Each structure stands twice: as structure tokens, then as C-alpha cells.
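Here's the letter readout for the chains.
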Amino acid sequence: MSDGARPALSVVVPVFNEARSLADLHHRLALTLKELGRPYEIIFVDDGSRDGSADALRALRAQDTLVKVIRFNRNYGQHAAVLAGMERAKGEIVVTLDADLQNPPEEIPRLLAALTDGVDVVAGWRVNRRDPWPRRAASWLVNRLTSAIVGVHLRDYGCMLRAYRRPVVDQIVACQGVSQFIPALAASFATSMAEVPVIHMKREHGRSRYGFFRLLRLNFDLLTGFSLLPIQVVSLVGIAVSVLGLGFALFLGLRRLLVGPEVEGVFTLFAILFFFVGLQILALGLIGEYVGRIYQEVRRRPRYMISEVLE
Ligand code: UDP
Ligand code: MG
């Protein structure tokens, strides 16, 4: 491929402390892509790794000119990394792939085969997912939430083995908002999506880079980044609670007239009070989440900082 020509295919790989799988990944990926027989580029985005991934990537870049490397100055998260890769990807089709080899690169041709005329996005769907149950439970929640919020039902929103056509990529990249959950963005822009079952392997090296809090934040991002639904639910609950409270007061008043004052019930009242207080705190938190997002939006801080680009 001569310089400046547009590759047909860009593969974007986010990397966070994956030094041990990179060489193997590159080998298998390059083999698969060569067999496809179209011009391609591989873009590795180093999301602030501290384990020698940077050196491994430099070595790959030195041996293969189709490899491009973008390095963040620190860790910004998988979706920021994929976004950075998409911003620089030149391909008519962009494929995203995890670096940990849980999604075999050999599945890419099947994704591309499903990207028929009229389909903009093909999403992998991990059959027999080989992850510990807490990770799977979190994904179940993400799937439910995303499907409900975006209004597009997918079996597996978490699978990052995906293929996108250029118009969808351009739209995703143009989204300057703080929300970055790429599968949800893609689902909201795609005219037509397809889902393809893909193999899922156990993680060979290390553990998932998603801890509990990272997942929690992703869920908050989803909830508040894509809709006003949570805050509307809070308002509805508020109304329901006031109506219930009113009914309860009415009941207590009647009871007082008919049976006499109630003293032992003090603790019941406390329980009810705590329930209401909890709801209020939740509501405050949600409002805070939205305000925080508005704040981040008006600050217009860049989503990430790049410290090095090798291309
Ligand atoms: N990743 C990243 N930045 C992060 C966390 C993860 O670039 O902050 C990358 C990671 O290197 C891998 C991919 O995102 O290539 C998926 O991460 P992981 O395998 O830990 O997630 P899981 O398979 O549990 O969804
Ligand atoms: Mg993984």
C-alpha cells in the first residue's frame, strides 16, 4: 500500500497492560488480514500501559509498516482509546478488537461477511462467554440498560469485536459529548445492525482490566449519557411517594379518631422516613450526575491526551 492511499480496512486495538499477548496478537491478526487480501492498517492505542506494552508496540511498528501506534499519556479507558483509534483510522470499514486475545482475530472475516449491503454495523456476540460470573453479571446489566435506553436490542453490547462502516465511524467520532460508550453510540446511529456469534476464550494473561468501580462508572455513563429516563423515573417515584405518604397520613388521622393515638408505631415511622430520605439522596445523586456532566461538557476538556504517534 502506498502512503496516502486509503486502506479498505482499519483494525483498532485498545491496549492496557497487555505486553504478554501483543506479539501473538499481531502475528495472528496480520495473518488473518493478509488472507483477506485487501489493503489494511492496524492501529494500536496504548491506553497508558505501565508494563512494557509501549516497547512491545514500538517493536511491532518497527517490523511491520502497516502497524500504527498511538500512545496516551495516561489511562483514559478502553472507549477513549477506541475513539482515538477511530479518529485516525482511514479505512472504509473499521474493526475493533480487544488486545487480550479473548476474541480471536480469526473471527474478523466472518464479521466482514456479515457486513452486507445495507448493514452499517456488525457486532460480535460472545457465545459461551468465558469470564467469571461477576463480570458476566455486570455485562447482563449493561446489556439490559443499553437495549432499553438506545431502543435497539442486542444480545451483547459489551463485545468489542465489531465492524463499522465509514459513515457510522464518522458520526461516532463527531460526537463531542462526554459519553463514550461506543456500542451504544453506534447502535443509535446505525441504520441496520447485524449480530454474529463469535468464539470467546479465557483470558490467558492477567485479569480483566475492568474492576467493579470501572464497571459501575460505565453503567452511570450509560444511564445518564444517553437519556433523561433516570431523572424522569425519579420524578415519577417522587410523585408516587408523596401520594403514598398522603394516604398514610390520612390513614393515621382516621386511626387516631377511631382507635386512638399510636405510640408504638414510632419505629415504623422511622423506617418509612429512612426510605424517603434514601430516595431523596438517590435523587440528589442523579441530579448531581447530570450537573456534573453539564460541567464537563462546558469545560470542553479533551477526552484524552496523546503523548506519541508512530505512523
Ligand atoms: N483496555 C483499555 N483501557 C482500559 C481497560 C481496558 O484499553 O482502561 C483494553 C484492554 O487492554 C483490552 C480491552 O480494553 O484490550 C478489553 O479489556 P478487558 O479484556 O480487561 O475487558 P473484558 O474482557 O473483561 O471486558
Ligand atoms: Mg477481555
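Note: the structure precedes this text.
Residues numbered from 1 in each chain as written. Chains lettered and ligands numbered in written order. Predicted model: local features only at pLDDT ≥ 70, side-chain atom pairs only at ≥ 80, totals over all residues. Heavy atoms only, no water.

### Looking at the environment of I287
Heads up, the condition is: Secondary structure counts use DSSP, requiring at least four H or I residues in a row for a helix and at least two E residues in a row for a strand, with both numbered from the N terminus.
Tracing the chain through its elements places I287 in helix α10 (residues 266-299). The sequence separation of I287 and T224 amounts to 63 residues, and the corresponding C-alpha distance is 9.7 Å.

### Some words on the packing of aromatic side chains
Quick reminder of the rule: In this scheme Phe, Tyr and Trp rings, the latter by its six-membered ring, pair at centre separations within 6.5 Å, and the angle between planes marks the pair as stacked below 30 degrees, edge-to-face above 60, and tilted otherwise. Only protein chains enter the accessibility calculation, which uses a 1.4 Å probe; a residue whose area is less than 20% of its type maximum is buried, one above 50% is exposed, and one in between is partly exposed. Criterion for a charge above a ring: Lys NZ or Arg CZ within 6 Å of the ring centre, and within 35 degrees of the ring normal.
This structure, assessed with the given rule, holds 5 aromatic pairs. Pairing F72 with Y304 gives two aromatic rings, centres 4.7 Å apart and planes at 15°, and the pair type is stacked. Separated by 232 residues along the polypeptide, F72 in strand β3 (residues 67-72) and Y304 in the loop between α10 and β8 (306-310) bring together distant segments of the chain. On the numbers, 6.4 Å between centres and 20° between planes, the contact of F248 with F251 is stacked. On the criterion of helical spacing, the pair formed by F248 and F251 is a turn pair, its members being 3 residues apart in helix α9 (residues 229-258). On the accessibility criterion, F248 (29% relative accessible area) is partly exposed. According to the relative accessible area criterion, F251 is partly exposed, its value standing at 48%. Pairwise contacts between aromatic rings join F72, Y76 and Y304 into one cluster. For the cation-ring pair, R74 lies above Y76, with the distance from its terminal atom to the ring centre recorded as 4.2 Å. In this arrangement the basic side chain of R155 is found over the ring face of W125, its NZ or CZ atom lying 4.0 Å from the centre.

### Thoughts on the site of ligand 1
Worth spelling out the cut-off: Definition of nearness: a residue and a molecule or strand are near each other if at least one heavy atom of the residue lies within 4 Å of the molecule or strand. We define a polar contact as two N or O atoms separated by no more than 3.5 Å, with the added condition that, inside protein, one atom must be a possible hydrogen donor and the other a possible acceptor, whereas residues neighbouring each other in sequence contribute only through side-chain atom pairs. For every accessible area listed, the method is Shrake-Rupley and the probe measures 1.4 Å; residues are considered covered only by the protein chains on display.
E18, D47, D100, S208 and R209 are the nearest of the 18 residues found near ligand 1. With respect to ligand 1, the side chain of R135 contributes an N or O atom lying 2.7 Å from an oxygen atom. The separation between an oxygen atom of ligand 1 and a polar side-chain atom of S208 is 2.5 Å. Considered on its own, ligand 1 offers 530 Å² of accessible surface; in the complex 98% of this is hidden by protein.

### Side note on the coordination of the magnesium ion (ligand 2)
In plain terms, the rule: For Na, K and Ca the donor cut-off is 3.2 Å; for every other metal, N, O and S atoms count as donors within 2.8 Å. Water does not enter the count, which can leave sites looking incomplete.
Binding of the magnesium ion (ligand 2) to the protein goes through D100 (OD) and Q102 (OE1), at separations of 1.9 Å. The exposure class of Q102 is buried, given its relative accessible area of 7%.

### What to know about the pairing of strand β2 (residues 40-46)
Let me state the cut-off plainly: By this definition, two strands are paired if DSSP reports at least two bridges between them. Think of it like this: strands point away, you trace from the first strand over the helix to the second, and a clockwise trace means the crossover is right-handed.
Judged by how many residues are buried, β2 sits mostly within the fold: 7 of 7 residues are covered. The alternating pattern of β2 places Y40, I42, F44 and D46 and E41, I43 and V45 on opposite faces, both of which are buried. In terms of strand pairing, strand β1 (residues 9-15) meets β2 through 7 bridges, oriented parallel. Residue pairing across strands places V13 opposite F44, the latter belonging to β2. At this point the chain moves from β1, through helix α1 (residues 19-36), to the parallel β2, and the crossover so formed is right-handed. Where β2 lies against β3, 5 bridges are found, and the strand directions are parallel.

### Re the packing of helix α6 (residues 166-174) against helix α7 (residues 182-189)
Rule in force here: For helices, the axis comes from a line fit to the C-alpha atoms of the stretch in contact; other axes are also lines fit to C-alpha atoms, and the angle between any two N-to-C directions lies between 0 and 180 degrees. Small angles under 35 degrees read as roughly parallel and large ones over 145 as roughly antiparallel, with 65 to 115 read as roughly perpendicular and the rest as oblique. By convention the crossing between two helices is left-handed if the near helix lies anticlockwise of the far one by an angle smaller than a right angle, and right-handed if it lies clockwise. Whether two residues are in contact is decided by their heavy atoms, any of which lying within 4.5 Å being enough. Note on residue categories: nonpolar means Ala, Val, Leu, Ile, Met, Phe, Trp, Tyr, Cys or Pro, charged means Asp, Glu, Lys or Arg, and polar means any other residue, Gly included.
Here α6 crosses α7 at 120°, and the two axes come no closer than 10 Å. Looking at the two axes, α6 sits oblique to α7. Here α6 and α7 pass one another in a crossing that is right-handed. Along the contact surface, α6 presents V168, Q171 and I172, while α7 presents I182, L185, A186 and F189. A breakdown of the residues in the contact of α6 with α7 according to their chemical character gives 6 nonpolar, 1 polar and no charged.

### Topic: the pattern of salt bridges
How we decide: By convention in these notes, a salt bridge is any Lys or Arg side-chain nitrogen within 4 Å of a carboxyl oxygen on Asp or Glu.
One pass over the structure, following the stated rule, counts 19 salt bridges. Here D46 makes a salt bridge to R71, at a shortest N to O gap of 3.3 Å. Taken together, the positions of D46 in strand β2 and R71 in strand β3 put the pair 25 residues apart, joining distant regions of the chain. Neither residue differs from the other here; D46 and R71 are each classed as buried. Across the salt bridge formed by R293 and E289, the nearest N and O atoms sit 3.9 Å from each other. Taken as a pair, R293 and E289 lie in helix α10 at a separation of 4 residues, close to a single helical turn. We classify R293 as buried; its relative accessible area is 14%. Taking relative accessible area as the criterion, E289 reaches 25% and is therefore assigned partly exposed. Salt bridges here are not isolated pairs; linked through shared partners, they connect D46, D55, R58, R71 and E308.

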